[in-house]
Amino acid sequence: MRYYSTRSRGEPVSFAGAVLTGLAPDGGLFIPEEIPRYRDAVKASLGTMDFGDIAFETIKPFVHPEIPDPVLEDLVHSAYPFTAPLVRVGDRQVLELFHGPTAAFKDFGARFMARAFSYLRRGEDKPLRILVATSGDTGGAVADGFYGIPGISVTVLYPKGRVSPLQERQIAGLGGNISALAVEGSFDDCQRLVKAAFGDESLKKRFPLSSANSINVARLIPQGVYYAAAAGKAFTGSVHEDGEATPREKAAERPVPSGGKEGKFRVAPGQPITFCVPSGNFGNLTAGLYAQKMGAPIRLFIAATNINKTVPDYLASGNYEARPSQATISNAMDVGAPSNFERMAAQWSLEELRGMIRGVFVTDDETRRAIATVHETLGYFLDPHGAVGWEGADKLWDQKLLDEGPLAVLATAHPAKFGETVEPLAGKIPLPPSLTEALGRLPHAQTIPADISALIAAL
Ligand SMILES: *Cc1c(COP(=O)(O)O)cnc(C)c1O
């Protein structure tokens, strides 16, 4: 596959070129020259194939021929010892994306990316520096994914005081080839600093630099896998009625309350599904659009944001206006200038996007109410991001902007990652082992002002 910049149809680059440079030389993001399609045989068996095999089939055309099939086969199986269960919760499905080592969906992208980098740089002797800005979950997933990978070091920039104590330990607690910078500013400042570092000629002479943000195609592409797997399962009518691995309280488990609307979002064989995607930088949603174009049975996407609602506003008005980010309880989505919007806009017109995506935003009060109500009535713990998705679907339904039909909310993080928000509303959440281990680490970060010379000095 060849990749172009979102800003010009000039010289294409290879998959390796796109992955290792991160950002195109003209400042654009790399997009594939075409979106491939699943073979008919694969399309027909998405509902029954094993997760690793769907990963192989989904990623292969994007990396062919640079990553040979047997290498890709090993790579996806070692990246994904966990899966993404589709579980029924009340009147709808939840796609649980938090069963990886850092308990957030970013593990899917980061673990593939670390292995792809390592393969593409085999035989190089100059160590690679990866710079990554995080609003919380990216940093932990990237740190964990790259930890201990020889020839690569990672520097994570995060907004000081705006990530949870657990996230801080996941980012700054590993040491080794992972270092952490606590930036006195917002996530947008961190992102701006990383962009400025990429534009700095003196830095580029000192060491090869790359990014690991969701702008990198190596993170984006594998995120299509769980959409295809879940859409396939829904299309054959198969969902987990009760996941052992889900944070559902057995004692509180109750039947779905009876009433008119119940079952409106249930799966039914032969019906394509709607995904409600809690969104910040829009990497996750962009990957979903790719999976749909590849042929996964997906009806519609809902872009659910917190009050950082740049994209829902764009879909409503047709005007794109980036803004400074505002802090919310779903802090991994506090993004006022979503970087993947450039990708969406380069590949689809406003009318096309309106046909594929419905936008909605959710306030912190509504998010808290959803966490409390879903726990109270269904015994299920939502994290603040998943709760934005849950509530977003309800808001669209109440405004009569959504039809009946199968719907899955993406649960992008384990609720225990945001215990300080969720527990006062829903009670004690059992901690998964990966998070217990992370909590025991000591964070070591250097604090810097939000200023490019401070970043350069720290590097
Ligand atoms: C990163 C993140 C999001 C937002 O994903 P984007 O791809 O940036 O839209 C949502 N929820 C959680 C928990 C996240 O970590």
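Before reading further, recall that the structure is shown in the block above.
Keep in mind that what you see is a predicted model, and the values were worked out from it rather than measured.

1. Let's talk about the sheet that holds strand β7 (residues 152-159)
- The strand order across the open sheet built from 5 strands is β9-β6-β7-β8-β14, with neighbouring strands paired in parallel fashion. At either margin of the open sheet sits one strand with a lone partner, and together these are β9 (209-211) and β14 (445-449). Taking the axes of each pair of neighbouring strands and ignoring which way they run, one obtains an average angle of 30 degrees across the sheet.
- Sheet analysis places strand β6 (residues 128-133) next to β9, joined by 3 bridges and oriented parallel.

2. Regarding the packing of helix α3 (residues 51-63) against helix α11 (residues 224-235)
- As a packed pair, α3 and α11 sit with axes 9 Å apart at the nearest point and diverge in direction by 120 degrees. One finds that α3 runs oblique with respect to α11. The chirality of how α3 crosses α11 is right-handed. Counting all contacts with α3, which are made through Phe-51, Ile-54, Ala-55, Thr-58 and Ile-59, the residues of α11 involved are Gly-224, Val-225, Tyr-226, Ala-228 and Ala-229.
- Grouping the amino acids of the contact of α3 with α11 by side-chain chemistry returns 8 nonpolar, 2 polar and no charged.

3. What to know about the pairing of strand β2 (residues 8-13)
- Relative to β2, strand β1 (residues 3-5) runs antiparallel, the two being bridged by 2 bridges. Counterpart to Tyr-3 in the pairing with β2 is Val-13.
- In sequence, β1 turns back onto β2 through a hairpin of 2 residues.

4. Some points on the site of the ligand
- Around the ligand, the surrounding shell holds 15 residues, and the nearest of these are Lys-106, Asp-137, Gly-280, Asn-281 and Thr-412.
- A distance of 3.2 Å separates an oxygen atom of the ligand from a polar atom in the backbone of Gly-283.
- Within the backbone of Asn-284, an N or O atom sits 2.8 Å from an oxygen atom of the ligand.
- Here the ligand loses 97% of its free accessible area of 380 Å² to cover by the protein chains.
- Its residues assigned to classes, the shell around the ligand shows 6 nonpolar, 7 polar and 2 charged.

5. Digging into empty space enclosed by the protein
- With the rule as written, the count across this model stands at 3 cavities of 30 Å³ or more.
- Taken together, 23 residues make up the lining of the largest cavity; nearest its centre are Phe-105, Lys-106, Gly-280, Asn-281 and Ala-332.
- In this structure, the second largest cavity spans a volume of roughly 60 Å³.
- Along its surface, the second largest cavity is lined by Gln-191, Val-194, Lys-195, Phe-198, Asn-213, Ile-215 and Ser-339.
- Residue composition of the lining of the second largest cavity, grouped by class: 3 nonpolar, 3 polar and 1 charged.

Criteria and cut-off values
- Residues numbered from 1 in each chain as written.
- Predicted model: local features only at pLDDT ≥ 70, side-chain atom pairs only at ≥ 80, totals over all residues.
- Heavy atoms only, no water.
- Pairing = 2+ DSSP bridges.
- Helix = DSSP H or I, 4+ residues; strand = E, 2+ residues; numbered from the N terminus.
- Axes fitted to C-alpha atoms, helices over the stretch in contact; angles between N-to-C directions.
- Parallel < 35°, antiparallel > 145°, perpendicular 65-115°, else oblique.
- Left-handed = near helix turned anticlockwise from the far one by under 90°.
- Contact = heavy atoms within 4.5 Å.
- Nonpolar A, V, L, I, M, F, W, Y, C, P; charged D, E, K, R; others polar.
- Near = heavy atom within 4 Å.
- Polar contact = N/O pair within 3.5 Å; in protein donor to acceptor, adjacent residues only side chain to side chain.
- Areas by Shrake-Rupley, 256 points an atom, 1.4 Å probe, with all protein chains shown as cover.
- 1 Å grid on protein atoms, 1.4 Å probe; cavity = no way out; pocket = protein on both sides within 12 Å on 5 of 7 lines; lining within 4 Å.
- Points joined across faces, edges and corners; volume = space filled by probe spheres on them.

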